[in-house]
Amino acid sequence: MLNYQNKNNSLQNRFAKYVQIDTQSDPMSETVPSTEKQKNLGKVLVAELLEMGVSDAHLDEFGYVYATIPATTEKNVPVICFCSHMDTSPDCSGKDVKPIIHANYQGQDLVLPDDHSIVLKMSEHPDLKDQIGNDIITASGTTLLGADNKAGVAEIMEAASFFVRNPTFKHGTVKILFTPDEEIGRGVDKADLKKLGADFAYTIDGETLGSIEDETFSADGAVLTINGVSIHPGFAKGKMESAIKILSDVISSLPSDCLSPESTEGKEGFIHPVTISGNVEQAEARFILRAFNDEQLEANGELLDATVRNIIEDYPNSTYELKITEQYRNMKKVLDEYPQVIAYGVEAIERAGITPKRQSIRGGTDGSRLSFMGLPCPNIFAGEHAFHGKQEWASVQDMEKAVETIINIAAIWEEKA
């Protein structure tokens, strides 16, 4: 029987400790992990797991944390892994995070102390309406919080502590995997699934209380390089073809009323320029392409290419190169083959006293790629909100329910075996 309690505020204390460790990943780095500082959190997690008594916990050379909690049953239960990522988004600073607990939230605006222009309003964060009486954690206004995904990390660690402290609680073998570089699409590049040895997995990286997600975008990345013609601007008439201006023409020619993040919702995809750099002679833009089915994703890539070809016709001495690479695919294609993975997750949420919300992600998780690597892996809520920015927040009570859900998942797999 489940008897999880957040004793001595252990969950929020873990979380507050983890978010103060800067683990921001870097999409421009070619190292693994992309930033060495991600290992700082990994080392802390390994030390805590070893102190709990999880004897095989270790950090590998690539920044992954692996650990095993042995089964407490004689049944032949599938091995279940719980996974979260340690890095935070490159979009906003994760250095010197100051977590603040706003106890007993009553619907008021939350003005963050280090920058009073950063204000969390219920009108702009609809999920706050369900948080009356709960404890909200934010950063101080100058950084992101890091709840994406250190909420999930803290919840898995809290569940691990529960399993170790309750040896009579029946569950099969539980594996723990903490990954680097998820935010830059490399979260499982070096994951050793043979060493992990799991049959099924759950990422704990979702938003709203009760959500379980079995569908993601399919995703590609694109790099567009424009090779223009540079010449002294004093003698450029009829000769110069600025790569910067060509690239600007391409971006401005893409649809603005559709196929962009700011104009889409639900299951609508997009073509999104995320970085631009260069000079008159050569300029480069990096794009992310997103759609919920592979056919539309391919069409988005073709539209981008057609747009570039149409623009470049006006610049006869310039050339371009468009390189599109696969990032991840919609995990629903795999998960539909293993309905019990979702069913047990839904039941686990219900046992925590929550109404399950089965939904799609306008994004991806490590579970997207893990599923196609042979480890079916839906996503469970972690109680994190407003990711990647200074208004990011988390709910202590929602995080507690995530811990309960993790524990329930392990119990249900044992019961059904």
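All figures in this text were calculated on a predicted structure; none of them were measured in a lab. (Residues numbered from 1 in each chain as written. Predicted model: local features only at pLDDT ≥ 70, side-chain atom pairs only at ≥ 80, totals over all residues. Heavy atoms only, no water.)

### Let's talk about the domain arrangement of the protein
Segmenting the protein into domains produces domain 1 (7–216 + 330–416) and domain 2 (218–327). Each of domain 1 and domain 2 has a C-alpha centre, and the two are 35 Å apart. When the two sides are added together, the surface that domain 1 and domain 2 hide from each other amounts to roughly 750 Å², 41% of it contributed by carbon and sulfur. Seen at the junction of domain 1 and domain 2, the total is two salt bridges. Where Lys267 meets Glu215, a salt bridge forms, and the shortest distance between an N and an O atom there is 3.1 Å. (Domains from an automatic or database assignment. Buried area = accessible area lost by both parts, 1.4 Å probe. Salt bridge = Lys/Arg side-chain N within 4 Å of Asp/Glu carboxyl O.)

### Section: helix H8 (residues 339–351)
Between its first and last C-alpha atoms H8 spans 18 Å; for 13 residues at 1.5 Å apiece the expected length is 18 Å, and the two agree. Listed in full, the buried residues belonging to H8 are Val341, Ile342, Tyr344, Gly345, Val346, Ala348 and Ile349. Looking at the buried residues of H8, the elements they touch are strand E9 (200–206), strand E10 (211–215), helix H7 (332–335), strand E15 (357–360), strand E16 (379–381) and helix H10 (396–416). Two residues or fewer after H8 comes Gly353, characterised by a positive phi angle close to 80 degrees. (Helix = DSSP H or I, 4+ residues; strand = E, 2+ residues; numbered from the N terminus. Expected span 1.5 Å × (residues − 1). Buried < 20%, exposed > 50% of the residue type's maximum accessible area, 1.4 Å probe, protein only. Contact = heavy atoms within 4.5 Å.)

### As for the pattern of salt bridges
Summed over all chains, the structure comprises 23 salt bridges. Here Glu48 and Arg14 are joined by a salt bridge, their closest N and O atoms 3.4 Å apart. Of the two residues, Glu48 sits in helix H2 (residues 38–52) while Arg14 sits in helix H1 (residues 10–19), which places them 34 residues apart along the sequence. This pair shows no difference in class: Glu48 is buried, exactly as Arg14 is. Across the salt bridge formed by Glu414 and Lys75, the nearest N and O atoms sit 4.0 Å from each other. In this pair, Glu414 is assigned in helix H10 and Lys75 in the loop between strand E2 (65–69) and strand E3 (80–85), connecting sequence segments 339 residues apart.

### Considerations on the nonpolar core
Phe15, Leu49 and Tyr202 are the most contacted members of the largest nonpolar core, which has 68 residues in total. When residues of this core are assigned to their parent elements, the largest contribution, 11 residues, is made by H10. Of all hydrophobic cores here, the second largest spans 22 residues; its members include Leu247, Leu254, Leu297 and Ile312. (Core = buried A, V, L, I, M, F, W, Y, C linked by side-chain atoms within 4.5 Å.)

### Some points on the sheet that holds E3
Taking strand neighbours across the sheet as the criterion, the eight strands line up as E1-E2-E8-E3-E9-E16-E10-E15 in an open arrangement whose pairing is mixed. With partners counted over all chains shown, the strands left at the sheet margins are strand E1 (58–59) and E15, one partner each. Note: E10 against E16, two bridges, orientation antiparallel. The residue bridging Ile212 from the neighbouring strand is Ile380, located in E16. Taken strand by strand, helix H3 (residues 147–165) contacts E2, E3, strand E8 (174–179), E9 and E16, and its axis lies near 145 degrees from that of E3. (Pairing = 2+ DSSP bridges. Axes fitted to C-alpha atoms, helices over the stretch in contact; angles between N-to-C directions.)

### Quick notes on H10
Here H10 contains 21 residues, and its C-alpha end-to-end distance of 30 Å stays within 8% of the 30 Å for a straight helix at 1.5 Å per residue. The buried count for H10 comes to 16 of 21 residues, which makes it a mostly enclosed element.

### So, the pairing of strand E13 (residues 282–291)
With seven of 10 residues buried, E13 lies mostly within the body of the structure. Relative to E13, strand E11 (residues 218–227) runs antiparallel, the two sharing 10 bridges. Its bridge partner lying in E13, Asn227 is registered against Gln282. Here strand E12 (residues 270–278) pairs with E13 via eight bridges, running antiparallel. By the bridge assignment for E13, Thr275 is matched with Arg286. Hairpin connection between E12 and E13: a loop of three residues separates the two successive antiparallel strands.

### Describing the sheet that holds strand E17 (residues 384–385)
With antiparallel pairing, the four strands of this open sheet are ordered in space as E4-E7-E18-E17. A single partner strand is all that each edge strand has here, and the edge strands are strand E4 (100–102) and E17. As defined by bridge partners, E4 adjoins strand E7 (residues 136–138) across three bridges and the pair is classed as antiparallel. Looking across to E7, one finds that Ile100 is bridged to Thr138.

### Considering the environment of Gly389
Looking at the secondary structure, you find Gly389 in the loop between E17 and strand E18 (393–395). Residues Gly389 and Val334, spaced 55 residues apart in sequence, show a C-alpha to C-alpha distance of 32 Å. The contact partners of Gly389, leaving out residues within four places of it in the chain, are Cys92, Thr143, Leu144 and Leu145.

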